[in-house]
Amino acid sequence: SNTSRYTTPDNPSVPDIRPPVGRTELKRFTPAQSMSPATGCGLFARAAPSRPMEVLLTNDDGISATGIRALYESLSTLADVTVVAPREDQSAVGRQLSGRVTVGEHDLGHVVDGTPTDCVVAGVQALSLDPDLVVAGCNRGANLGHYVLGRSGTVSAAVEAAFLGLPAMAVS
């Protein structure tokens, strides 16, 4: 693997699996700046806006779900989108990680025999993606209330991306 394991400066007990080189710093914008055409629609943007935004798209309903295809088609008009999604429905698996996963090709992108959290990790580690944003969804059901943090595969994929230092959102 071309990624190395090292700990974060903030928490030496948490492994950071991001590649140590080639990482562009994220710049935080105020809400007013974030809505301007110069910075794009979002609170975070890459320092060099001269290239298309790269999005890693995953879900918990599986790669054959209608929602991920609709979100892929919508996001593709704005960004370069790479799909890394579970082969089967993985709803309500939380932040479960598998010991080993298989990553395969699919007409929409990449399919993983694992959980949504596995998909985010596989996208960054096995596929060496360096997305500007991770989007998890579009979920078949609603993710409402605080209880979803430990249960929802969609929300857990976004949480895993955040733990990897990547901006992320869950969409229901």
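All figures in this text were calculated on a predicted structure; none of them were measured in a lab. (Residues numbered from 1 in each chain as written. Predicted model: local features only at pLDDT ≥ 70, side-chain atom pairs only at ≥ 80, totals over all residues. Heavy atoms only, no water.)

Novice: Honestly, the overall build of the chain in this entry has me stumped. Any pointers?
Specialist: Broken down by element type, the chain carries five helices and ten strands. Taken over 172 residues, the chain has a buried fraction of 41%. Considering only contacts in the chain between residues 6 or more positions apart, those separated by 24 or more positions represent 62%. Looking at the chain as shown, the accessible area adds up to about 9,400 Å², and 56% of this sits on carbon and sulfur atoms. (Helix = DSSP H or I, 4+ residues; strand = E, 2+ residues; numbered from the N terminus. Buried < 20%, exposed > 50% of the residue type's maximum accessible area, 1.4 Å probe, protein only. Contact = heavy atoms within 4.5 Å. Areas by Shrake-Rupley, 256 points an atom, 1.4 Å probe, with all protein chains shown as cover.)

Novice: Help me understand the nonpolar core, please; the structure alone is not making it clear to me.
Specialist: When a protein is soluble and globular, its nonpolar side chains tend to lie buried together. Core analysis: the largest hydrophobic core is formed by 14 residues, its most contacted members being Val55, Leu57, Leu75, Val83 and Val135. Among the elements that line this core, the one with the most residues is strand 6 (residues 79-86), at four residues. Not counting residues up to four positions away in its chain, the partners in contact with Val135 are Val55, Leu56, Leu57, Thr58, Leu71, Leu75, Met169 and Val171. (Core = buried A, V, L, I, M, F, W, Y, C linked by side-chain atoms within 4.5 Å.)

Novice: What is the right way to look at the pairing of strand 8 (residues 109-112) in this model?
Specialist: With four bridges connecting them, strand 6 and strand 8 associate as parallel partners. The residue bridging Val84 from the neighbouring strand is His110, located in strand 8. In textbook terms, the turn of a hairpin is the stretch between consecutive antiparallel strands, and for strand 7 (residues 103-106) and strand 8 this stretch comprises two residues. (Pairing = 2+ DSSP bridges.)

Novice: Any chance you could explain the pairing of strand 7 here in plain terms?
Specialist: Looking along a regular strand, one sees the side chains alternate between the two faces of the sheet. Here strand 7 pairs with strand 8 via four bridges, running antiparallel. Of the residues in strand 8, the one forming a bridge with His106 is Gly109.

Novice: Quick question: what am I supposed to make of unusual backbone geometry here?
Specialist: Across the chain, the bulk of peptide bonds are trans and the bulk of non-glycine residues have phi less than zero. Between Gly137 and Cys138 the backbone carries a cis peptide bond, its omega angle lying at 0°. Among the secondary structure elements, Cys138 is positioned in the loop between strand 9 (133-136) and helix 4 (148-151).

Novice: Would you explain helix 2 (residues 66-75) in this entry?
Specialist: Think of an α-helix as turning once every 3.6 residues; residues three or four places apart then point the same way. Within the span of helix 2, buried status applies to Gly67, Ile68, Leu71 and Leu75. Taken end-on, helix 2 shows its buried residues confined to a sector of 95°, consistent with a single buried face. Looking at the buried side of helix 2, the elements it contacts are strand 5 (53-58), strand 6 and strand 9. (Arc of directions from axis to C-beta.)

Novice: Could you clarify how one ought to interpret the packing of helix 3 (residues 116-124) against helix 5 (residues 153-163) in this entry?
Specialist: Helix-helix packing is described using two parameters, namely the angle between the two axes and the distance between the axes. Contact pair helix 3 / helix 5: the axes reach a minimum separation of 7 Å and the direction vectors enclose 30°. Comparing their axes, helix 5 and helix 3 come out roughly parallel. Considering only the axes of helix 3 and helix 5, their crossing is right-handed. Of the residues in helix 5, those in contact with Pro116, Thr117, Val120 and Val121 of helix 3 are Gly153, Ser156, Ala157, Glu160 and Ala161. The class makeup of the residues in the contact of helix 3 with helix 5 is five nonpolar, three polar and one charged. (Axes fitted to C-alpha atoms, helices over the stretch in contact; angles between N-to-C directions. Parallel < 35°, antiparallel > 145°, perpendicular 65-115°, else oblique. Left-handed = near helix turned anticlockwise from the far one by under 90°. Nonpolar A, V, L, I, M, F, W, Y, C, P; charged D, E, K, R; others polar.)

Novice: What am I meant to see in the environment of Val55 here?
Specialist: Along the chain, the position of Val55 falls in strand 5. Once the C-alpha coordinates of Val55 and Asp132 are considered, the two residues, 77 residues apart in sequence, prove to be 6.0 Å apart. Apart from residues no more than four positions distant in its own chain, Val55 is found in contact with Leu75, Ala79, Asp80, Val81, Thr82, Pro131, Leu133 and Val135.

Novice: I tried to follow the environment of Cys138 on my own but got confused; where do I start?
Specialist: A relative accessible area of 27% places Cys138 in the partly exposed class. C-alpha of Cys138 to C-alpha of Asp60: the two residues are 78 residues apart in sequence and 8.8 Å apart in space. Those residues in contact with Cys138, other than ones at most four positions away along the chain, are Asp61, Gly67, Ile68, Leu71 and Val171.

Novice: Quick question: what am I supposed to make of the pattern of salt bridges here?
Specialist: In a structure, side chains of opposite charge can pair up when their charged atoms sit close to one another. Here the structure, examined in full by the defined rule, presents five salt bridges. Arg51 is the partner of Asp132 in a salt bridge, and the nearest nitrogen-oxygen pair spans 3.1 Å. In this pair, Asp132 is assigned in the loop between helix 3 and strand 9 and Arg51 in the loop between strand 4 (44-46) and strand 5, connecting sequence segments 81 residues apart. The closest approach of N and O atoms between Arg95 and Glu160, which form a salt bridge, is 2.4 Å. Within this pair, whereas Arg95 is found in the loop between strand 6 and strand 7, its partner Glu160 is found in helix 5, the two being separated by 65 residues in sequence. Under the relative-accessibility criterion, Arg95 is labelled partly exposed at 37%. (Salt bridge = Lys/Arg side-chain N within 4 Å of Asp/Glu carboxyl O.)

Any functional reading would require information that these geometric values do not contain.
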